[in-house]
Amino acid sequence: MKSPDATHGGDPDPSNIHGKLLPPERHVQLIVVGAGPAGLAAATESAALGVEVMLVEEHPIDRALMGMDIPLRFGGRMDGSAGARGAVIERLVDTRPAIQHAFEVGIDIQLGVSAWGLFPSEVSAAMPAPMLGLTDGTRSWMVGYDRVIVATGARDLGLAFPGWGALGVVGARGAEELIGTYRAFSGRRMVVLGTGPLALRVCRMAIKAGIHVPAAVEVDTGDLPADISAGFEQLGITVRQGFTVEAVVSQSAGVTGVRLIPLVAADPRQGDEIACDTICSAVGAVPSVELLAAAGCATVFDPNLGGHCPKIDAAMRTSNRAILAVGDCTGLGDTEIASPDAAIIQGRVAAQTVARDLGHDTGATASASQRTGRRDQIACWDRWLQASCAAGGDRLEICLCENVALRDLVGLRPPGYLQETYGAALYDRGFGALLAEPPVNQDQIKRLTRAGMGVCQGRRCRDQVALLLAASTGTGIADIPLASYRPPVRPLPLSVLAPERELPLISETWVSWFSIATQSLPSDADLTEDKPDD
């Protein structure tokens, strides 16, 4: 970003954004992002301690976003009632009665509003104050804050298998929201992939809602933990261990079945086809750190907690003192999947931290135990991915948005639809070149192959791209940096971000921001040189 003092030919730089950003519409002491168990606990505890609170919750989500699998893998399995905003709000409050309590104690609750960017003042000298960018899908506005508590939860892990782009392939978190919160799930017969605590949780919810679950599929062949095994047995669900997906059987209306094969060729068991209208990928979930990462908060990699998590201290502060994080976005281990108790305690601890910062008397101080997890989830994800790669071959589609196949990804080639255009010009990079320019990272892969560059903003492929990158380069997965996040962390029409026409002065110098030849120009460059001929 250019310096606010930069000049252009002795005059103030007309392309500099300094002083041209929208001011915050209002300022609140505390904004809590996310109304799950942790966020609600943080909001209500803060209000009880005398803090002014705004609580932002992205549900109900716009149906168009749901169709793009944002923020969860809904897989097109929402029925028509998912778009009835008023009815969904009633269901949301009915499912989470703490929202009603938060309203009654005076918290400003913004439902159907998502945060697209978190801007601590350190990020940009052009920002007049720390601000949070919000949108309801029709407009965008900024709110200033003293403290922010991020409680954005976890998103679905995207793991490819042959046919995984078909209508009716959902993620566990997406299925949970459609079944439990929206009560708008259109599937009636669901096969579940995975046998961990998340898979068991979604199976329980589905069966309670009257959805038949004929089987849970697992690539591993070892004994399941006793509590997990007993849970599936109590639900009457057959567990198919040592199998993976050979193909998804589908028609234009979506999934009609899934064909399984044993992982080991010498396995005497035969593969078969299971009739179903939904396949739920419940192998894992990933902490939703995009807002925190885009704000520059430090992260750490913990394989037991779902990979990259924000670095937090005992008071729930991130590396930025004004930004705190609680709940599943701080890491999702098996214990946290089984119970929200730890998330609620984190929310209360964060509330007390904020109240103390703002000069309120908090009395006794609660403490939150560290999340630890009890198994290496990343290793489990990798076994699933390797099994799918073996079953799907090098044509297995890894990035659904950009149609990037496995062979394109590991060959560092652009997707097929671009290869005729650019040909060999984009084939001059290889893993050897990347290894010579450490650290090997996903941003390089995205630029070379477009994997992760689509409308879902990498939600369905970034984790498996990291796994494949690690395997292809012999790099430990912990040493693969988190791929970059940048605001807006939700897809937004430009008309929502900037409904007003730009200033004429900026229009005349737009080339300084979008120069194709150089990608960037110094603020004092002669801008007329690179203006397009037309």
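- Per an unreviewed UniProt entry, the chain is named FAD-dependent oxidoreductase, and its organism is Pikeienuella piscinae.

**Some points on the confidence of the model for the chain**
- For the chain, the average pLDDT comes to 87, and 84% of its residues sit at 70 or higher.
- Here residues 1-7 is modelled with pLDDT under 50, and outside its nearest four sequence neighbours on either side it reaches 20 contacts, counting other chains as well.
- Scored below 50 in pLDDT, residues 515-524 makes 12 contacts in the model with residues more than four places away or belonging to other chains.

**Examining the environment of His308**
- Looking at the element boundaries, His308 is found in strand S20 (residues 307-310).
- As for His308 and Pro287, which are separated by 21 residues in sequence, their C-alpha atoms are 7.3 Å apart.
- Excluding anything up to four places from it in sequence, His308 contacts Pro287, Val289, Thr299, Val300, Phe301, Ile480, Pro481 and Leu482.

**A few points about the sheet that holds strand S14 (residues 243-251)**
- An order of S14-S15-S16 is seen for the three strands of this open sheet, with the pairing classed as antiparallel. Bordering the open sheet on either side are S14 and strand S16 (273-275), each of which pairs with just one other strand. In this sheet, neighbouring strand axes are inclined to one another by 25° on average, regardless of whether the strands run parallel or antiparallel.
- Sheet topology places S14 next to strand S15 (residues 254-262); eight bridges connect them, and they run antiparallel. Counted as the bridge partner of Ala247 is Arg259 from S15.

**Some points on helix H5 (residues 172-181)**
- Along H5, 10 of the 10 residues are buried, which leaves the element largely enclosed by surrounding structure.
- Of all the positions in H5, only Ala172, Arg173, Gly174, Ala175, Glu176, Glu177, Leu178, Ile179, Gly180 and Thr181 are classed as buried.
- Looking one or two residues past H5, Arg183 carries a phi angle of roughly 50°, positive in sign.

**Quick word on the packing of H5 against helix H6 (residues 197-208)**
- In the contact formed by H5 and H6, the axes pass within 10 Å of each other and the chain directions differ by 25°. Between H5 and H6, the angle falls in the class roughly parallel. Every pair of crossing elements has a handedness; the one defined by H5 and H6 is left-handed. Here Ala172, Arg173, Ala175, Glu176, Ile179 and Gly180 of H5 lie close against H6, whose contacting residues are Leu198, Arg201, Val202, Met205 and Ala206.
- A breakdown of the residues in the contact of H5 with H6 according to their chemical character gives seven nonpolar, one polar and three charged.

**Quick look at the sheet that holds strand S11 (residues 190-193)**
- Spatial strand order, S10-S17-S11-S12-S13: five strands in an open sheet with parallel pairing. Looking at the sheet topology across the chains shown, the edges are occupied by strand S10 (169-171) and strand S13 (238-241). Taken pair by pair, the neighbouring strands of this sheet meet at an average axis angle of 25°, ignoring direction.
- Here four bridges tie strand S12 (residues 215-218) to S13, and the two strands are oriented parallel to one another. Residue pairing across strands places Val217 opposite Arg240, the latter belonging to S13.

Rules used in this analysis
- Residues numbered from 1 in each chain as written.
- Predicted model: local features only at pLDDT ≥ 70, side-chain atom pairs only at ≥ 80, totals over all residues.
- Heavy atoms only, no water.
- pLDDT = per-residue confidence, 0-100.
- Contact = heavy atoms within 4.5 Å.
- Helix = DSSP H or I, 4+ residues; strand = E, 2+ residues; numbered from the N terminus.
- Pairing = 2+ DSSP bridges.
- Axes fitted to C-alpha atoms, helices over the stretch in contact; angles between N-to-C directions.
- Buried < 20%, exposed > 50% of the residue type's maximum accessible area, 1.4 Å probe, protein only.
- Parallel < 35°, antiparallel > 145°, perpendicular 65-115°, else oblique.
- Left-handed = near helix turned anticlockwise from the far one by under 90°.
- Nonpolar A, V, L, I, M, F, W, Y, C, P; charged D, E, K, R; others polar.

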